[in-house]
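So you can see what is in the structure, the chains are spelled out below.
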Amino acid sequence: MQSLAMQTGAQGEILLIEQKVDSAISAEAFSNERWTCRILHGSLPGLSAARNLSLKEAAFDQILFCDSDAVAREGWAAALQLGLDASDVAITGSRILPRWSGRPTILARSAVVRDQYSIYDLGPETKEVERVVGAGFGLDRTKCSEQMFFDEALGRRDGRLFGGEESDLCRRVSAAGGRIMYIGGAVVDHVIPRERLSALWVAKRLFYAGCGRSKTGGAPSPSRKPGLADWLLLPLILPPYALGWLCGKLKG
């Protein structure tokens, strides 16, 4: 919240969707001459539902999403907003770098596993892409407006590590004619807690990634071309993903 309130070069509203009704977070603590903070309290079934609520309640049409475990660097908001100013750009994505809370396992050398950690590093340039990653991204809800929603069957909910909601959004927006841009100058640090460094957590995340893929269809699309580490670690990566895909198909 502090990293958002300190953003310069842009101004507007900070909208916090807070699950805890008795939270001690104060809107006044994060309001200043550039940003007005507003907090919405409520029990929601998952992340996609919270984002849909944001789309409904936001005071401005250009909406930037930042996960609660991500820290925005200086210039993040301004860079994403500048990208959205282009008439045909509907979605802009951040460069997402890891902030490890401990030593990652060897599995983290795989591009596929790094995607599960929401690491999205395509370098400092700006380029057109097929999708963004949810730790930090922006959209203009007036462009491809009929597609500007998140599928609530995807995304984190009920303690389950589902994903795929941003990829689903990007596919629909792209099909409707909207462009999706990766903005390398818009950087967030994604804090990865120690409990997510275990091989068990990675396996669980891969399982739910397979479940999500079974629903959205298509082939897996890692953010970078698979390298040697991906092929060497494939015997460890593939089984939980394939099991999740199979379970997703069987359960519909």
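Up top is the structure.
Residues numbered from 1 in each chain as written. Predicted model: local features only at pLDDT ≥ 70, side-chain atom pairs only at ≥ 80, totals over all residues. Heavy atoms only, no water.

**Concerning the overall build of the protein chain**
So, point 1. Each helix and strand in the protein chain was counted, giving seven helices and eight strands.
So, point 2. For 252 residues, the compact-globule formula gives about 18 Å, and the C-alpha radius of gyration of the protein chain, at 18 Å, lands near that figure.
So, point 3. Seen through its principal axes, the protein chain has C-alpha atoms that stretch 55 × 40 × 35 Å.
So, point 4. When each of the 252 residues of the protein chain is scored for burial, the buried share is 46%. (Helix = DSSP H or I, 4+ residues; strand = E, 2+ residues; numbered from the N terminus. Rg over C-alpha atoms; globule rule 2.2 N^0.38 Å. Buried < 20%, exposed > 50% of the residue type's maximum accessible area, 1.4 Å probe, protein only.)

**Section: the packing of aromatic side chains**
So, point 1. A full pass over the atoms with the stated rule returns seven aromatic pairs.
So, point 2. Judged by centre distance (5.0 Å) and plane angle (20 degrees), the rings of Phe65 and Phe137 are stacked. On the criterion of sequence distance, the pair formed by Phe65 in strand β3 (residues 62–66) and Phe137 in strand β7 (residues 136–140) is long-range, its members being 72 residues apart. When sorted by exposure, Phe65 lands in the same class as Phe137, which is buried.
So, point 3. Ring plane angle 5 degrees and centroid distance 5.4 Å describe the contact between Tyr117 and Trp201, whose orientation is recorded as stacked. One end of the pair, Tyr117, is in the loop between α4 (111–116) and β6 (126–128); the other, Trp201, is in helix α6 (residues 199–216), with 84 residues separating them in the sequence.
So, point 4. A network of ring pairs unites the aromatic residues Phe65, Phe137 and Phe150 as a single cluster. (Phe/Tyr/Trp six-rings, centres within 6.5 Å; stacked < 30°, edge-to-face > 60°.)

**As for the pattern of salt bridges**
So, point 1. Enumeration over the complete set of coordinates arrives at 15 salt bridges.
So, point 2. A salt bridge links Glu165 to Arg51, with the shortest nitrogen-to-oxygen separation between them at 3.0 Å. Separated by 114 residues along the polypeptide, Glu165 in helix α5 (residues 165–175) and Arg51 in helix α2 (residues 47–57) bring together distant segments of the chain.
So, point 3. Taking relative accessible area as the criterion, Glu165 reaches 3% and is therefore assigned buried.
So, point 4. The residue Asp140 makes a salt bridge to Lys143 at a minimum N-O spacing of 3.9 Å. Accessibility classification places Asp140 together with Lys143 in one group, the buried group. (Salt bridge = Lys/Arg side-chain N within 4 Å of Asp/Glu carboxyl O.)

**Some details on a nonpolar patch on the surface**
So, point 1. A cluster of nonpolar residues, Trp231, Leu234 and Leu238, forms a patch on the protein surface that exposes about 320 Å² of accessible area.
So, point 2. Its place among the elements puts Leu238 in helix α7 (residues 228–251). (Patch = residues over 30% accessible without salt bridge, like charges linked within 9 Å, V, L, I, M, F, W, Y side chains within 5 Å. Areas by Shrake-Rupley, 256 points an atom, 1.4 Å probe, with all protein chains shown as cover.)

**What to know about the environment of Thr126**
So, point 1. Within the secondary structure, Thr126 sits in strand β6.
So, point 2. For the pair formed by Thr126 and Ile106, sequence separation is 20 residues and the distance between their alpha carbons is 30 Å.
So, point 3. When residues no more than four places from it in sequence are discounted, the contact partners of Thr126 are Met181, Tyr182, Ile183 and Gly184. (Contact = heavy atoms within 4.5 Å.)

**Let's talk about the side chain of Asn52**
So, point 1. By the secondary structure assignment, Asn52 is in helix α2.
So, point 2. Asn52 sits in the buried class, given a relative accessible area of 18%.
So, point 3. Sequence-distant contacts of Asn52, defined by excluding residues within four places in its chain, comprise Phe149, Phe150 and Glu152.

**Digging into unusual backbone geometry**
So, point 1. Within the chain, Ser118 stands out as a residue other than glycine whose phi angle is a positive 60 degrees.
So, point 2. Its location among the elements puts Ser118 in the loop between α4 and β6.
So, point 3. At Cys144, a residue that is not glycine, the phi angle is positive and equals roughly 50 degrees.
So, point 4. Here Cys144 lies in the loop between β7 and α5.

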